[in-house]
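# Summary of the model geometry
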Amino acid sequence: MRMYDIIEKKRDKHELSKEEIEFFVNGYSKGEIPDYQMSALLMAIYLNGMTAEELKDLTFAMTNSAKVLDLSSIKVPGKYIVDKHSTGGVGDKVTLIVLPIVASLGVGVCKMSGRGLGFTGGTVDKLESIVGYNVNIPINDAIDQVRDIGLCLIAQSSEIAIADKKIYALRDTTATVESINLIASSIMSKKLASGVDRILLDVTVGTGAFMKNLDDARKLSKTMVDIGNLAGVQTKAVITSMSEPLGRNVGNALEIKEVISFLLSDEETLFSDEIRDLREIIFEISAQMIKMSGVCEDMDKNREDIKEAILSHKAYNKFIELVKAQGGHICSAYMDWLGTNMDMPVLNDKVRYLKEIHAQSSGAIISIDSRRIGEALVALGGGRERKEDNIDPAVGFEFAKKVGDKVEEGDTILTVLYNDKAKFEDAYEYIENAIFIDKVDDEVTASLKNKPHILDIITE
Ligand code: URA
């Protein structure tokens, strides 16, 4: 078999056989097929799609490209091990908040996350902004950690789903990310390889997501749910809005700071409009995970328990336990809104420059193009342009205003934190056209502010 013939076949829109799919997945995983041939094939798949049969064969070949984890040693009778995965977004720090919450409520999680992909951020890059945090602990240690503290959060390991690890990095720099087939096979192969009983998918939709409309998000959700069910793993997808950056901060260390603030919220802040987008998504995903794990079926009770876990700092303490277990440095910091010192992760968050971006006119913020914000972050150095690039964990954006907020000309909309003036100039080109302000009446601003963040739930 020759890679050239497989590329040609896909280019000419023919269906690939199981043997051909296994040939290129295994060949690329072992380093026998070069990046340039794999890139050409990925582009052909991106442009010409795949049949359901091809997609199933691709996903299972990727799942079996390395070890499939055996989590039986941490299974508890009557409970299911649930994993959660997002299709990615801008400002998406949901995993970092949900996992400590559910782990503090008795749901064991062993999660492998990815790095930034395209214009979206990655949980692993965010974690690495914590000084000392090791995302590469051996799988057996990760399993031991789940037994000890109920939680581990690591990078895709070379021991697991190696095909996805390599293809993911290649797609990131070859404009082959936004494909339902490639996203579904990437996510489901690594979830199936991680040996979990149940999978909860957060499928994002909007300018800051790979799916731009609800129909495509439903199609991707259904594709992944079908693959999961075919493999005998109950899978559910929650479709969430990514029509503006999620939360207030975008950037690796900045998002860890937002995670800390969220987990240390008092009741008034937790239920404030300021963090409505993040709160709605966090509560839904966490409550669904608790339900799927078999800990508690009652979604209302789960929401109450989530609130209690946050307000009592149980979830925050679990986050700190996680950081410590994986080598992250911790200091003691005074939290003025709590009036006390708390343990806090030490962050690589030093920046030389701050620049406020002001409203050019008065009115209300109608939209913030999150893709442009994600691209601006890459331009600042907070994401990768080439797969071997190092990133600057400290740079990013803090939003003072979000969609639906009224502004006067000159008000600060966001602050840019950066280290390199030339990179700021590049980033500014994206930011400049990302925010749209218009004069609208109160009814319109209210509807913009109150738009839902949970758009659908797909179970079959
Ligand atoms: N997340 C993944 O793990 N893979 C994708 O292709 C997109 C988002």
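These numbers were taken from a predicted model, which means no experiment stands behind them. (Residues numbered from 1 in each chain as written. Predicted model: local features only at pLDDT ≥ 70, side-chain atom pairs only at ≥ 80, totals over all residues. Heavy atoms only, no water.)

Here we take up the pairing of strand S13 (residues 412–418). In terms of residue burial, S13 counts as a mostly covered element, since 6 of its 7 residues are buried. Alignment of strand S9 (residues 353–358) against S13, held across 6 bridges, turns out to be antiparallel. Each residue of the ladder has a partner; that of Tyr353, found in S13, is Tyr418. Of the pairings in the sheet, the one linking strand S11 (residues 396–399) to S13 comprises 4 bridges and is antiparallel in character. (Buried < 20%, exposed > 50% of the residue type's maximum accessible area, 1.4 Å probe, protein only. Helix = DSSP H or I, 4+ residues; strand = E, 2+ residues; numbered from the N terminus. Pairing = 2+ DSSP bridges.)

What follows concerns the packing of aromatic side chains. Enumeration according to the criterion identifies 6 aromatic pairs in this entry. Ring plane angle 45° and centroid distance 6.4 Å describe the contact between Tyr316 and Phe319, whose orientation is recorded as tilted. You can see Tyr316 and its partner Phe319 sitting in helix H15 (residues 314–325), 3 residues apart, about one turn around the helix. The residues Tyr316 and Phe319 share a single accessibility class, namely buried. Here the aromatic cluster, defined as three or more aromatic residues joined through ring pairs, consists of Tyr353, Tyr418, Phe424 and Tyr428. Seen from the ring of Tyr28, Lys166 lies directly overhead, with NZ or CZ sitting 4.8 Å from the centre. Here Arg198 stacks its cationic end above the ring of Tyr80, 3.6 Å away from the centre of that ring. (Phe/Tyr/Trp six-rings, centres within 6.5 Å; stacked < 30°, edge-to-face > 60°. Lys NZ or Arg CZ within 6 Å of the ring centre and 35° of its normal.)

A word on unusual backbone geometry. If you check the backbone angles, Ala161 has positive phi at about 40° while not being a glycine. Structurally, the position occupied by Ala161 is in the loop between strand S3 (151–155) and helix H8 (162–172). Positive phi values are uncommon outside glycine, yet His313 reaches one of about 70°. Mapped onto the elements of the fold, His313 is located in the loop between helix H14 (299–311) and H15. For His313, a relative accessible area of 17% translates into the label buried.

Another point: the site of the ligand. Near the ligand, the surroundings consist of His85, Ser86, Thr87, Leu117, Tyr168, Arg171, Ile183, Ser186, Ile187 and Lys190. Side-chain polar atom of His85 to an oxygen atom of the ligand: 3.0 Å apart, as the coordinates give it. The separation between a nitrogen atom of the ligand and a polar side-chain atom of Ser186 is 2.7 Å. Here the shell around the ligand takes 4 residues from helix H9 (residues 180–193), the largest share from any one element. (Near = heavy atom within 4 Å. Polar contact = N/O pair within 3.5 Å; in protein donor to acceptor, adjacent residues only side chain to side chain.)

So, about helix H2 (residues 18–29). With 12 residues, H2 should cover 16 Å at 1.5 Å per step; its first-to-last C-alpha distance of 16 Å lies within 8% of that length. Looking at the buried positions of H2, the neighbouring elements they touch are helix H1 (3–11), helix H3 (35–48), helix H4 (52–63) and H8. A positive backbone phi angle near 85° is found at Gly31, which sits one or two residues after H2. (Expected span 1.5 Å × (residues − 1). Contact = heavy atoms within 4.5 Å.)

Moving on to the sheet that holds strand S6 (residues 249–250). Spatial strand order, S6-S11-S13-S9: 4 strands in an open sheet with antiparallel pairing. Looking at which strands have only one partner, the edges of the open sheet turn out to be S6 and S9. By the bridge criterion, 2 bridges tie S6 to S11 in an arrangement that is antiparallel. Note on S11: the bridge partner recorded for Val250 is Phe397. Together, S6, S11 and S13 form the strand contacts of helix H16 (residues 370–380), whose direction differs from that of S11 by roughly 140°. (Axes fitted to C-alpha atoms, helices over the stretch in contact; angles between N-to-C directions.)

Before going further, it helps to examine the domain arrangement of the protein. Annotation of the protein at the domain level lists domain 1 (3–49), domain 2 (72–333) and domain 3 (353–447). When each unit is reduced to the centre of its C-alpha atoms, the spacing between domain 1 and domain 3 is 39 Å. (Domains from an automatic or database assignment.)

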